[in-house]
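Notes for the structure review
One letter stands for each residue in the lines below.
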Amino acid sequence: MTVANRVAVVTGSGRGIGAETAKQLAHHGAKVVVSDVTKELTEATVSAICDAGGDAIGVAADVSQRSQVESLFSSALKEYGRIDILINNAGIIRDNLVYKMTDEDFDAVLNVHLKGTFLCSQAAQKIMVPNHYGRIINFSSTSALGNRGQMNYSAAKAGIQGMTKTLAIELGRYGITCNAVAPGFIETDMTKATATRMGVDFEELKTLAAKEAAVLRVGVPADVAYAVLFFAADESSFITGQVLYVKGGV
Ligand code: NAP
């Protein structure tokens, strides 16, 4: 699966699944623009990539802000001269049962996931269309199918599936594919925060989640990164508009 010498932008890659995806892309020869809300947050991922002999830069951008997204893509273009792969990974949770969910909780989640995916994809396609090449990989979730306490997040993650298919239809003629991964329970700070909110021990929550998976374990960031790599590869040019559940089960 070839990503060598491709230039990839990975949003929210200071930690978690995004950080692992950035490292895997670099390991396979891609040049990576590691982006997160602040430049400091990108430093650990950039150092890990460069220490391993890879090529990466860190650029700050809040994906929900148009001006910051535009400046992210112009910095990436200035450094590497092209953008071939966009990974729309940045995400937050603001879980609450519907009767307690505030406007702020709702808007924040939709802004980062839905508006962020819109703004980054729009900026990326502007660069990819003239090159007649692109790979856009979005982040949905098993929560797209509904999850207690996640009315905001499940709406965003279901919306991302619609966006993925629409981008695939609109951009296919320009050599650009757009697919989504939809992870189940992955061990990151995000699921640790869920355990804290529920008032349960993280190890206990993992054990419960593992019992629900066919493979009897929870996921780790690398499980998702490999699926992203599959969609990002040159060879995946006939696969578009698809949603791949990465959940260790059916
Ligand atoms: P994570 O560990 O919380 O990492 C998310 C990253 O996104 C953080 O570095 C965060 O920065 C960054 N971010 C948040 N808001 C941002 C913004 N406005 N602009 C740019 N970056 C922003 O989460 P994760 O578990 O790796 O999740 C990665 C993706 O997978 C998300 O889209 C999530 O919804 C999805 N997902 C995760 C799971 C799971 O079980 N973990 C399951 C399904 C889907 P800060 O450090 O500043 O917060």
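Scroll up a little and you will see the structure.
A short tour of the structure in this document, coming up.

Calculation criteria
- Residues numbered from 1 in each chain as written.
- Predicted model: local features only at pLDDT ≥ 70, side-chain atom pairs only at ≥ 80, totals over all residues.
- Heavy atoms only, no water.
- Near = heavy atom within 4 Å.
- Polar contact = N/O pair within 3.5 Å; in protein donor to acceptor, adjacent residues only side chain to side chain.
- Helix = DSSP H or I, 4+ residues; strand = E, 2+ residues; numbered from the N terminus.
- Core = buried A, V, L, I, M, F, W, Y, C linked by side-chain atoms within 4.5 Å.
- Buried < 20%, exposed > 50% of the residue type's maximum accessible area, 1.4 Å probe, protein only.
- Contact = heavy atoms within 4.5 Å.
- Expected span 1.5 Å × (residues − 1).
- Pairing = 2+ DSSP bridges.
- Axes fitted to C-alpha atoms, helices over the stretch in contact; angles between N-to-C directions.
- Left-handed = near helix turned anticlockwise from the far one by under 90°.
- Nonpolar A, V, L, I, M, F, W, Y, C, P; charged D, E, K, R; others polar.
- Phe/Tyr/Trp six-rings, centres within 6.5 Å; stacked < 30°, edge-to-face > 60°.
- Lys NZ or Arg CZ within 6 Å of the ring centre and 35° of its normal.

So, about the site of the ligand. Around the ligand, the surrounding shell holds 29 residues, and the nearest of these are I17, D36, N89, Y153 and T188. In the model, an oxygen atom of the ligand is placed 3.5 Å from a nitrogen or oxygen of the G91 main chain. With respect to the ligand, the backbone of G184 contributes an N or O atom lying 3.2 Å from an oxygen atom. Broken down by secondary-structure element, the contributors of at least two residues to the shell around the ligand are α1 (16-27), α4 (103-131), α5 (151-171) and α6 (189-198). Top element by residues in the shell around the ligand is α6. It accounts for three residues.

Let us look at the nonpolar core. Grouped together as the largest cluster of nonpolar side chains are 28 residues, with contacts concentrated most on V9, V33, F73 and L86. Elements supplying a minimum of two residues to this core: β1 (7-10), β3 (55-60), α3 (66-80), α4, α5 and β6 (176-183). For this core, the element with the most residues is α4, which contributes seven residues. Beyond its immediate sequence surroundings of up to four residues, V9 is in contact with V33, L72, F73, A76, I83, I85, L86 and I87. Ranked by size, the runner-up nonpolar core spans 26 residues in total, among them V34, V46, F139 and V224.

Turning our eyes to something else, we now look at α1. Structural remark: α-helix, 3.6 residues per turn; residues separated by three or four positions point the same way. Taking 1.5 Å of rise per residue, the twelve residues of α1 would be expected to cover 16 Å, and the 17 Å separating its terminal C-alpha atoms lies within 8% of that figure. Residues of α1 that are buried: I17, G18, A19, T21, A22, Q24, L25 and A26. Elements in contact with the buried residues of α1: β1, β2 (31-36), α2 (39-51), β4 (85-88), β5 (134-139) and α8 (221-232). Following α1 by one or two positions, G29 has its phi on the positive side, about 100°.

Along its 29 residues, α4 runs 41 Å from first to last C-alpha, staying within 8% of the 42 Å computed at 1.5 Å per residue. H132 lies just past α4 and shows a positive phi near 55°.

Strands sit in the order β3-β2-β1-β4-β5-β6-β7 across an open sheet of seven strands; the sheet is parallel. Both outer strands of the open sheet, β3 and β7 (243-246), are each paired with one neighbouring strand and no more. Across this sheet, the average inter-strand angle for adjacent strands is 20°, counted without regard to direction. Bridging between β1 and β2 involves four bridges; their strand directions are parallel. In the strand pairing of β2, V7 is matched with K31. Of the strands in this sheet, β2 and β3 touch α2, which is tilted by about 175° from β3.

Right, let's talk about the environment of R82 for a bit. Tracing the sequence through the fold places R82 in the loop between α3 and β4. Excluding residues within four positions of it along the chain, R82 makes contact with R6, V7, L77 and N131. Among the polar contacts listed, one links the side chain of R82 to the side chain of D84, at a separation of 2.6 Å.

All right, on to the packing of α3 against α4 then. It is at 9 Å that the axes of α3 and α4 come closest, and there the two elements cross at 35°. The hand of the α3/α4 crossing is right-handed. Residues R66, V69, F73 and L77 of α3 touch α4, and the partners they reach there are F118, L119, C120, Q122, A123, A124 and I127. When the residues that make up the contact of α3 with α4 are grouped by side-chain class, the tally is nine nonpolar, one polar and one charged.

Let's shift gears to the packing of aromatic side chains. Centre-to-centre distance and the angle between the planes together describe a pair of aromatic rings. Taken as a whole, this structure holds two aromatic pairs when the rule is applied. Here F230 and F231 contribute two aromatic rings whose centre-to-centre distance is 5.5 Å and whose plane-to-plane angle is 45°, an arrangement assigned as tilted. Note on F230: relative accessible area 34%, which makes it partly exposed. Given a relative accessible area of 3%, F231 falls into the buried group. Taking NZ or CZ as reference, R6 lies 3.6 Å from the ring centre of Y133, over its face.

In this structure, H132 is a non-glycine residue whose phi angle is positive, near 55°. The residue H132 is located in the loop between α4 and β5 in this model. Residue H132 is classed as partly exposed on the basis of its relative accessible area, which comes to 48%. Unlike most non-glycine residues, L216 shows phi in positive territory, near 55°. Tracing the backbone through its elements, the reader meets L216 in the loop between α7 (202-212) and α8.

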